[in-house]
Amino acid sequence: MKILVPVKRVVDYNVKVRVKSDGSGVELANVKMSMNPFDEIAVEEALRLKEAGKATEVVVVSIGPAQASETLRTALAMGADRGILVKTEAGTEPLAVAKILKGVVGDEKPDLVILGKQAIDDDANQTGQMLAALLGWGQGTFASKVVLEADAALVTREIDGGAQTVKLTLPAIVTTDLRLNEPRYASLPNIMKAKKKPIDEKSPDSYGVDVTPRLKVLKTSEPSGRTAGVKVSSPAELVAKLKDEAGVI
Ligand code: AMP
């Protein structure tokens, strides 16, 4: 059983993002970049399945600039076995990523692909679903629990007002939600070991995929600041304000 985990290099979630002065996007120069948090959860889940003897190999793949190899090294330091860097300087949209991943799946023949439910930079929440459609595989999105059987995966999904469990015939696609697990930190010895693990380098052309963006960003703007709150002296005043000023009741 082989597991493929796509990991994306994104602006670190602790960074307060700033919009470029020309409004063409967010500032990426001199900004700390890290692995997308949902992808850390995906790597962790794959490693736990390997440690439980359910999987034999965990392969990580990243599509992005040369520095995306650092993201792969982080996954290798957590415990993944090897990496694939699909190098491109072009901004990657979910459809192009899904097409490249389809090519990687064709080469690697994994039994399970675990992706994050969304990348926190573009918040698209599309890649896993598109990959499942392109491959014609079953998908368990927003997973909060994954149980592997011989030829199936039982995936408990976070849905409005509760949880749903679906049974997927393998090979299949899973996307991770926050409650699935708490990712480990890489230990220093494992960070050293990861330097020797192999990273194979490819390009979108290796899979015959054109990554030219299909979308044009027209404008990016900062959210407007919050206005100051007011203190009310009684429940009656609160109700009056909600009725007359806010118009919500
Ligand atoms: P998105 O559909 O962009 O919100 O991304 C969902 C998931 O797809 C991410 O959590 C990653 O697992 C995967 N993914 C998206 N873009 C990339 C990329 N450039 N390289 C590797 N994985 C990616």
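Quick notes on the rules
- Think of each chain on its own: its residues are numbered from 1, step by step along the sequence as written.
- Given that the model is predicted, a residue must reach a pLDDT of at least 70 before its local features are reported, and side-chain atom pairs must reach 80 or more before they are shown or counted; all residues, however, enter totals for whole chains, interfaces and linings.
- Excluded from the side-chain calculations are hydrogens and water; all other atoms, namely the structure's heavy atoms, are used.
- It suffices for a single heavy atom of a residue to lie within 4 Å of a molecule or strand for the residue to be listed as near it.
- Nitrogen and oxygen atoms within 3.5 Å of one another constitute a polar contact, given that in protein one can donate a hydrogen and the other can accept it, and given that sequence-neighbouring residues count only through two side-chain atoms.
- A cavity here means a set of 1 Å grid points, computed over protein atoms only, where a 1.4 Å probe fits but cannot escape. A pocket is an open set with protein on both sides within 12 Å along at least 5 of 7 lines, and lining residues have an atom within 4 Å of a point.
- More than half of a molecule's atoms within 2 Å of the grid points is what it takes for that molecule to sit in a cavity or pocket.
- Secondary structure elements are taken from DSSP: a helix is a run of H or I of four residues or more, a strand is a run of E of two residues or more, and numbering for both begins at the N terminus.
- UniProt positions are given in the numbering used here, feature names are shortened, and annotations may be inferred rather than shown by experiment.
- Using a 1.4 Å probe on the protein chains alone, a residue whose accessible area is under 20% of its type maximum counts as buried, one over 50% counts as exposed, and one in between counts as partly exposed.
- Counted as positive: Lys and Arg. Counted as negative: Asp and Glu, with His and the chain ends omitted from the count.
- Basic side-chain nitrogens of Lys or Arg form a salt bridge, by our definition, when they fall within 4 Å of a carboxyl oxygen of Asp or Glu.
- Any pair of residues with heavy atoms lying within 4.5 Å of one another is described as a contacting pair.
- Grid points are joined across faces, edges and corners, and a volume is the space filled by probe spheres set on the points.
- Throughout, the ten residues Ala, Val, Leu, Ile, Met, Phe, Trp, Tyr, Cys and Pro are labelled nonpolar, Asp, Glu, Lys and Arg are labelled charged, and all others, Gly among them, are labelled polar.

(A) Quick peek at the site of the ligand. In the vicinity of the ligand there are 19 residues, among which Asp 39, Ile 63, Ala 119, Asn 125 and Thr 127 approach most closely. At 3.0 Å, a backbone N or O of Gly 116 approaches an oxygen atom of the ligand. Asn 125 places a main-chain nitrogen or oxygen 2.8 Å from an oxygen atom of the ligand. Its atoms largely coinciding with the cavity grid, the ligand occupies the largest cavity. Of all the secondary-structure elements, those providing two or more residues to the shell around the ligand are strand E4 (57-64) and strand E6 (112-116). The element that contributes the greatest number of residues to the shell around the ligand is E4, accounting for three residues.

(B) Quick look at the UniProt feature "domain: Electron transfer flavoprotein alpha/beta-subunit N-terminal" (unreviewed entry) in the protein chain. The UniProt entry lists residues 23-211 under the feature "domain: Electron transfer flavoprotein alpha/beta-subunit N-terminal" (unreviewed entry), expressed in the numbering used here. The straight-line gap between the two end C-alpha atoms of residues 23-211 is 23 Å; of that span, 30% is helix and 31% is strand.

(C) How the structure looks around the side chain of Asp 39. One can find Asp 39 in helix H1 (residues 37-51). Although buried, Asp 39 forms no salt bridge, and the nearest oppositely charged side chain, Lys 8, lies 8.1 Å from it. Separated by 2.8 Å, the side chain of Asp 39 and the backbone nitrogen of Lys 8 make a polar contact. The contacts of Asp 39, once residues within four sequence positions are left out, are Val 5, Pro 6, Val 7, Lys 8 and Gly 116.

(D) Spotlight on unusual backbone geometry. Geometrically, the link from Leu 170 to Pro 171 is a cis peptide bond, its omega value of 0° lying close to zero. If you trace the backbone, Pro 171 turns up in the loop between strand E9 (162-169) and strand E10 (172-176). Of note in this structure, Lys 109 is not a glycine but carries a positive phi near 50°. Examined against the element boundaries, Lys 109 turns out to sit in the loop between helix H3 (94-108) and E6. On the basis of relative accessibility, which here comes to 60%, the residue Lys 109 falls in the exposed class.

(E) Empty space enclosed by the protein, seen in detail. Throughout the structure, instances matching the rule amount to two cavities of 30 Å³ or more. When its volume is computed, the largest cavity comes out at roughly 310 Å³. Only E4, H3, E6 and helix H4 (127-135) provide two or more residues apiece to the lining of the largest cavity. Taken together, the residues that form the lining of the largest cavity break down as ten nonpolar, ten polar and four charged. Here the second largest cavity defines a volume of roughly 50 Å³. Residues belonging to the lining of the second largest cavity are distributed by class as follows: two nonpolar, one polar and four charged.

(F) Layout of the pattern of salt bridges. Here the structure, examined in full by the defined rule, presents 15 salt bridges. Arg 82 is the partner of Glu 57 in a salt bridge, and the nearest nitrogen-oxygen pair spans 2.8 Å. Separated by 25 residues along the polypeptide, Glu 57 in strand E4 and Arg 82 in strand E5 (residues 82-87) bring together distant segments of the chain. In this structure, Glu 108 engages Arg 82 in a salt bridge whose closest nitrogen and oxygen atoms are separated by 2.7 Å. One end of the pair, Glu 108, is in helix H3; the other, Arg 82, is in strand E5, with 26 residues separating them in the sequence. For Arg 82, a relative accessible area of 22% corresponds to the partly exposed category. What you see here is one network of salt bridges that share partners, running through Lys 2, Glu 57, Arg 82 and Glu 108.

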